[in-house]
Amino acid sequence: MFEVLTPLAPDPILGLSVAYNEDSHPQKIDLGVGVYKNEQGHTPILRAVAKAQQKLLATEKSKTYISPQGNQGYIDGMLRLLLSDHSKALLDNRVAAVQAPGGCGALRILAELIVRANKDAKVWVSDPTWANHIPLIGSAGLSIETYPYFDKNTASINFDAMMQTLRQCNKGDVVLLHGCCHNPTGADLTNSQWDHILQVAKEREFVPFLDVAYLGFGDGLDEDAYGIRLLTDNLPEVLIAASCSKNFGLYRERVGLAAIVTKDSANSQVVQGQIQSVARGIYSMPPSYGGALVDLILNDEQLRHEWVSEVDEMRNRMKSLRSMLVDQLAVNGADRDFSFINRQKGMFSYLCITPEQVRDIRTKHSVYFVESSRVNIAGINHNNVEALAKALVDVIQ
Ligand code: LMR
């Protein structure tokens, strides 16, 4: 039966790692997949995570299934982290939530839940958005439209065009928004832009769907939650897919959260049953390990404090790498102003160069990043920044 299948092109993001690993250039540079790296180019286990692992090893007594919704300490800790202790939706018991296998798992089961509620719902995503949003949401059978977001010519958000499109959304449409640290552009909405989005969401009665994969990497854990808290405090329904891959460094443990703010607590119980049944039909039970670690970290004062300081370290390091790259580009004679890189947030930056230039830099200098010109800022370090800046100047002049 499988002879009818045709070969596929490599995944636009994951395929980069394969190509990078096969390259024998001694000074190759990997700015591809969104994974945090330290100055040595290594993705470390966070100190708080290492301590939580020790605790878990000493206390875990069984490998039987955890409950269908997942680890409740993890779920509650994550909801408070995202929505705050004072969240009206939480205090009113209006939030249904399950532990999901990674942010991707959360996105997919929420898409399936939308199909159960309204198979004709249209999902609006930013142009551009993370490449995997399209298959994750589209494979559930939902139709996808785009709203304008980033203007490469100005290297900034085209907010007027975005709002013009959102004003045309219909009641029950779903609008996917990046909670913070927009992937791929690094261009984030300001607080006042979030305020405008809230107004339009109220007017048009669309349902925001927040993808939160980089909380804490923009301006701070609370600062980055502004849009999430604003929308969940002021709208009857909001969907949230959150990931612990990046800010807890738990990439391979696949730990995420799918949460749904509902109109009232009775509806929340119905939705809780439905989202668990969606998950049961796909992977049955959530994996335990990553959620158990995050539960230990978020619910222990010392571990939490240590984790927050590690998130601060990662964020501050990425900020300093941004300015180091901007400086090096200027020093090495770039004939355009790249200071917009300093204004972008999180792990990614759109360099706003052409796909040909991205291909050129790969073939001539063994520098790897996504063809859209998205670079993983965390792949920069003191050893490679000068070579990177020179290679960029070479292909753009
Ligand atoms: C990325 O955007 O590079 C990461 O989220 C990894 C992935 O799965 O694409």
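Just so you know, these numbers come straight off a predicted model, no measurement behind them. (Residues numbered from 1 in each chain as written. Predicted model: local features only at pLDDT ≥ 70, side-chain atom pairs only at ≥ 80, totals over all residues. Heavy atoms only, no water.)

*Asks:* In this structure, what is going on with the overall build of the protein chain? I would like to understand it.
*Replies:* Looking only at helices and strands, the protein chain has 15 helices and 13 strands in total. Its C-alpha atoms give the protein chain a radius of gyration of 21 Å, near enough to 21 Å, the size a compact globule of 397 residues would have. Based on the C-alpha atoms only, the size of the protein chain along its principal axes is roughly 60 × 55 × 55 Å. Taking all 397 residues of the protein chain together, the buried fraction comes to 53%. Counting only contacts in the protein chain whose residues sit at least 6 apart along the sequence, the fraction spanning at least 24 positions is 75%. Total accessible area on the protein chain is roughly 17,700 Å²; 51% of this is exposed by carbon and sulfur atoms. In the protein chain, 38 positive and 45 negative side-chain charges are present, and the distance between their average locations comes to 2 Å. (Helix = DSSP H or I, 4+ residues; strand = E, 2+ residues; numbered from the N terminus. Rg over C-alpha atoms; globule rule 2.2 N^0.38 Å. Buried < 20%, exposed > 50% of the residue type's maximum accessible area, 1.4 Å probe, protein only. Contact = heavy atoms within 4.5 Å. Areas by Shrake-Rupley, 256 points an atom, 1.4 Å probe, with all protein chains shown as cover. Lys, Arg positive; Asp, Glu negative; His and termini not counted. Charge placed at Lys NZ, Arg CZ, Asp CG, Glu CD.)

*Asks:* Looking at this structure, how should I read the nonpolar core?
*Replies:* Considering soluble globular proteins, one finds that nonpolar side chains tend to be buried as a cluster. Judged by nonpolar contacts, the single largest core of 106 residues is most densely connected at Met-78, Leu-82, Leu-257, Trp-307 and Phe-369. Structurally, this core is a two-domain feature, drawing no fewer than three residues from each of domain 1 (8-44 + 315-396) and domain 2 (49-302). With 34 residues, the next largest nonpolar core counts Tyr-20, Val-123, Ala-241 and Val-370 among its residues. (Core = buried A, V, L, I, M, F, W, Y, C linked by side-chain atoms within 4.5 Å. Domains from an automatic or database assignment.)

*Asks:* Help me out: how do you make sense of the site of the ligand in this one?
*Replies:* Taken together, the residues surrounding the ligand are Ile-13, Val-33, Gly-34, Trp-130, Asn-183, Tyr-214, Lys-246, Phe-348 and Arg-374. The backbone of Gly-34 places a nitrogen or oxygen atom 2.7 Å from an oxygen atom of the ligand. Here an oxygen atom of the ligand and a side-chain polar atom of Asn-183 are 3.0 Å apart. Contact with the protein chains removes 82% of the 260 Å² of surface that the ligand exposes when unbound. At a threshold of 2 Å from the grid points, most atoms of the ligand map onto the largest pocket. Across the shell around the ligand, the residue classes break down as five nonpolar, two polar and two charged. Residue contributions to the shell around the ligand reach at least three from each of two domains, namely domain 1 (8-44 + 315-396) and domain 2 (49-302). (Near = heavy atom within 4 Å. Polar contact = N/O pair within 3.5 Å; in protein donor to acceptor, adjacent residues only side chain to side chain. 1 Å grid on protein atoms, 1.4 Å probe; cavity = no way out; pocket = protein on both sides within 12 Å on 5 of 7 lines; lining within 4 Å. Sits in = over half its atoms within 2 Å of the grid points. Nonpolar A, V, L, I, M, F, W, Y, C, P; charged D, E, K, R; others polar.)

*Asks:* What's the story with the packing of helix H11 (residues 289-298) against helix H12 (residues 301-331) in this structure? I'm lost.
*Replies:* Any two packed helices are characterised by how steeply their axes cross, that is the angle between the axes, and by the distance between the axes. Two elements in contact, H11 and H12, have axes separated by 6 Å at closest approach and are oriented at 100°. Our classification of the angle between H11 and H12 gives roughly perpendicular. When H11 is examined against H12, the residues Leu-296, Ile-297 and Leu-298 are found in contact with a partner set consisting of Leu-303, Arg-304 and Trp-307. In terms of residue class, the contact of H11 with H12 is built from five nonpolar, no polar and one charged. (Axes fitted to C-alpha atoms, helices over the stretch in contact; angles between N-to-C directions. Parallel < 35°, antiparallel > 145°, perpendicular 65-115°, else oblique.)

*Asks:* Looking at this structure, I do not really get the pairing of strand S2 (residues 95-100). What am I missing?
*Replies:* In summary, the side chains of a regular strand alternate between the two faces of the sheet. For S2, the tally of buried residues reaches six of six residues, placing the bulk of the element in the interior. The side-chain alternation of S2 yields two buried faces, one formed by Val-95, Ala-97 and Gln-99 and the other by Ala-96, Val-98 and Ala-100. Direction of pairing for S2 relative to strand S10 (residues 256-261): antiparallel, over a ladder of six bridges. Note that in S10 the partner of Val-98 across the bridge is Ala-258. (Pairing = 2+ DSSP bridges.)

*Asks:* I tried to follow the domain arrangement of the protein chain on my own but got confused; where do I start?
*Replies:* How big an interface is tends to be stated in terms of the accessible area lost upon association of its parts. What the domain assignment reports for the protein chain is domain 1 (8-44 + 315-396) and domain 2 (49-302). On a C-alpha basis, the centroid separation for the pair domain 1 and domain 2 is 28 Å. Taken residue by residue, the interface counts 22 residues in domain 1 and 21 residues in domain 2. When the buried surface of domain 1 facing domain 2 is broken down by residue, Arg-315, Lys-345 and Tyr-350 rank first, second and third, together holding 35% of it. Summed over the shared surface of domain 1 and domain 2, the number is two salt bridges. Lys-345 is paired through a salt bridge with Asp-219; the nearest N and O atoms lie 3.0 Å apart. Across the contact surface, domain 1 and domain 2 share twelve residue pairs in polar contact (both at pLDDT 80 or more). Listed by contribution, the elements that provide at least two residues to the side of domain 1 that touches domain 2 are H12 and strand S11 (348-350). When its residues are assigned to classes, the side of domain 1 that touches domain 2 shows eleven nonpolar, seven polar and four charged. (Buried area = accessible area lost by both parts, 1.4 Å probe. Salt bridge = Lys/Arg side-chain N within 4 Å of Asp/Glu carboxyl O.)

*Asks:* Help me understand the environment of Asn-376, please; the structure alone is not making it clear to me.
*Replies:* Along the polypeptide, Asn-376 turns up in strand S13 (residues 374-376). Between the C-alpha atoms of Asn-376 and Lys-51, which are 325 residues apart in sequence, the distance is 28 Å. Asn-376 has contacts with Leu-31, Gly-32, Val-33, Gly-34, Val-35, Met-347 and Phe-348, leaving out every residue within four places of it along the chain. In this structure the side chain of Asn-376 is engaged in a polar contact, spanning 3.0 Å, whose partner is the backbone nitrogen of Ala-378.

*Asks:* Honestly, the sheet that holds strand S9 (residues 238-243) in this entry has me stumped. Any pointers?
*Replies:* What links the strands of a sheet is backbone hydrogen bonding, and the strands pair in either a parallel or an antiparallel sense. With respect to topology, seven strands assemble into an open sheet ordered S2-S10-S9-S8-S7-S3-S4, the strand pairing being mixed. On the outer flanks of this sheet lie S2 and strand S4 (143-148), each paired with one strand and no other. Adjacent strand axes in the sheet meet at a mean angle of 20°, parallel and antiparallel pairs treated alike. By the bridge criterion, five bridges tie strand S7 (residues 174-178) to strand S8 (residues 207-212) in an arrangement that is parallel. Within the sheet, the bridge partner assigned to His-178 lies in S8 and is Asp-211. Of the strands in this sheet, strand S3 (122-127), S4 and S7 touch helix H7 (residues 159-166), which is tilted by about 140° from S4.

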